[in-house]
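The primary structure of each chain is shown beneath.
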Amino acid sequence: MVRKVKIAVLVSGSGSNLQAIIDNIESGHLSAQIEIVISNTTEAYALRRAEKHGIPSIVIVSHDFSSREEFDQRLIAILNSHGIDLVVLAGFMRVLSPAVLNAFPLKVMNIHPALLPSFPGIHAQGQASDYAVKFSGCTVHFVDEGVDTGPIIIQAVVPVMPEDTEESLGARILAEEHKIYSQAIQWYAEGRLTVNGRRVSVANAAVARVSLCNPPLESPRN
Ligand code: GAR
């Protein structure tokens, strides 16, 4: 019996990743309990999703605090008061200070809509489509003090089509985000993740042995 990991999901926007996590918990595919949803804006549709599922939520807005440190101290207090095991950043558009990371060492995960270390920061889907890479994807990683630089847990790859826009590529990536985030959290709940420097190993994980070309090769080549 896998213990239910107590998570806080931090959001700023639509919350489709939050929804996928909720759905996986409700269908019994994810051993987690969302103790609290935390948004840094009252506008986040994610708050409505939480409400619909009876999940408590709280909004902490940066302009109510005189400094980043004060904001983050409030955040730490909320996380501690809910006995959080794992902090899940799901479209949370704010960089956390070292104080939060020190309070939750290797207990903060993030999802990023690109194959890191390519295209960190904002508008990753637009960066990838403007650069005209042939593949992009998404990455779940532990958060460290950099921006999108922490140890990588899992990545999913999607093809980039010639006609893609930021939106069409973003939608293809998002569908994969919804799968890999719950998988990473489930591995965490099962105690199967070990971090050694940059390297994250997943105990008893299958090994991916596929190689992909885009555009595909037109005949077998040595
Ligand atoms: C997702 O694509 C997520 O990867 C991205 O924001 C979106 C949130 O969507 N996060 C970042 O870009 C963080 N650098 P959602 O609110 O529908 O889950």
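Relevant structure appears above.
What you are looking at is a predicted structure, and each value in this text was computed from that prediction instead of being measured.

**Re the nonpolar core**
Within the largest apolar cluster, 67 residues are counted, with the highest numbers of intra-cluster contacts made by Ile 7, Met 109, Ile 153, Tyr 181 and Ile 185. If we skip the residues at most four places from it in the chain, Tyr 181 touches Asn 17, Ile 21, Val 88, Leu 89, Ala 90, Met 109, Asn 110, Ile 111 and Val 140.

**Points about the side chain of Ser 182**
Relative to the helices and strands, Ser 182 is located in helix H6 (residues 166-189). Polar side-chain contacts of Ser 182 include one of 2.8 Å to the side chain of Asn 24. Ignoring anything within four residues of it in the chain, the contact list for Ser 182 reads Ala 20, Ile 21, Asn 24 and Leu 30.

**As for the sheet that holds strand E1 (residues 5-11)**
Strand pairing in a sheet relies on backbone hydrogen bonds. The paired strands run either parallel or antiparallel. Strand order in the open sheet made by the seven strands is E3-E2-E1-E4-E5-E6-E7, with mixed pairing throughout. Each edge of the open sheet is held by one strand with a lone partner, namely strand E3 (57-59) and strand E7 (152-159). Here the strands of the sheet are splayed against their neighbours by 20° on average, with no regard to which way each runs. Pairing geometry for strand E4 (residues 86-89) and strand E5 (residues 108-112), over three bridges, is parallel. By the bridge assignment for E5, Val 87 is matched with Val 108.

**Observations concerning helix H5 (residues 124-131)**
Structural remark: α-helix, 3.6 residues per turn; residues separated by three or four positions point the same way. When we look at burial in H5, the residues that qualify are Ala 124, Gln 125, Gly 126, Ala 128 and Ser 129. At its buried positions, H5 is contacted by E5, strand E6 (135-142) and H6. Immediately downstream of H5, the backbone of Ala 132 shows phi near 60°, a positive value.

**Focus on the site of the ligand**
Near the ligand lie 13 residues; those nearest to it are Gly 15, Ser 16, Asn 17, Pro 113 and Glu 177. In the environment of the ligand, an oxygen atom lies 3.4 Å from a nitrogen or oxygen atom belonging to the backbone of Ser 14. Contact between the ligand and Ser 16: an oxygen atom at 2.6 Å from a side-chain N or O atom of the residue. In isolation the ligand exposes 450 Å². Once the protein is present, 87% of that is buried. In this structure, the ligand is accommodated by the largest pocket. Those elements that place two or more of their residues in the shell around the ligand are helix H1 (16-26), E5 and H6.

**Brief notes about the packing of aromatic side chains**
Each aromatic ring pair is summarised here by two numbers: the centre-to-centre distance and the angle between the ring planes. Scanning the entire structure with this criterion turns up two aromatic pairs. Relative to Phe 71, the ring of Phe 65 lies with its centre 5.6 Å away and its plane at 80°, an arrangement referred to as edge-to-face. Each of the two residues, Phe 65 as well as Phe 71, counts as buried. Positioned above the aromatic ring of Phe 71, the side-chain terminus of Arg 94 is 3.7 Å from the ring centre.

**What about the packing of H5 against H6?**
Think of two packed helices as two axes; the pair is described by the angle between the axes and how far apart they sit. Closest axis-to-axis distance for the H5/H6 pair is 9 Å, and the angle between their directions is 120°. For H5 against H6, the interelement crossing comes out right-handed. In this structure, H5 contributes Gln 125, Gly 126, Ala 128 and Ser 129 to the contact, and H6 contributes Glu 166, Leu 169, Gly 170 and Ile 173. Looking at the contact of H5 with H6 residue by residue, the classes come out as three nonpolar, four polar and one charged.

**Section: H1**
By the burial criterion, the buried members of H1 are Ser 16, Asn 17, Leu 18, Gln 19, Ala 20, Ile 21 and Ile 22. Against E1, strand E2 (32-39), helix H2 (45-52), E4, E5 and H6 lie the buried residues of H1.

Rules of the game
Residues numbered from 1 in each chain as written. Predicted model: local features only at pLDDT ≥ 70, side-chain atom pairs only at ≥ 80, totals over all residues. Heavy atoms only, no water. Core = buried A, V, L, I, M, F, W, Y, C linked by side-chain atoms within 4.5 Å. Buried < 20%, exposed > 50% of the residue type's maximum accessible area, 1.4 Å probe, protein only. Contact = heavy atoms within 4.5 Å. Helix = DSSP H or I, 4+ residues; strand = E, 2+ residues; numbered from the N terminus. Polar contact = N/O pair within 3.5 Å; in protein donor to acceptor, adjacent residues only side chain to side chain. Pairing = 2+ DSSP bridges. Axes fitted to C-alpha atoms, helices over the stretch in contact; angles between N-to-C directions. Near = heavy atom within 4 Å. Areas by Shrake-Rupley, 256 points an atom, 1.4 Å probe, with all protein chains shown as cover. 1 Å grid on protein atoms, 1.4 Å probe; cavity = no way out; pocket = protein on both sides within 12 Å on 5 of 7 lines; lining within 4 Å. Sits in = over half its atoms within 2 Å of the grid points. Phe/Tyr/Trp six-rings, centres within 6.5 Å; stacked < 30°, edge-to-face > 60°. Lys NZ or Arg CZ within 6 Å of the ring centre and 35° of its normal. Left-handed = near helix turned anticlockwise from the far one by under 90°. Nonpolar A, V, L, I, M, F, W, Y, C, P; charged D, E, K, R; others polar.

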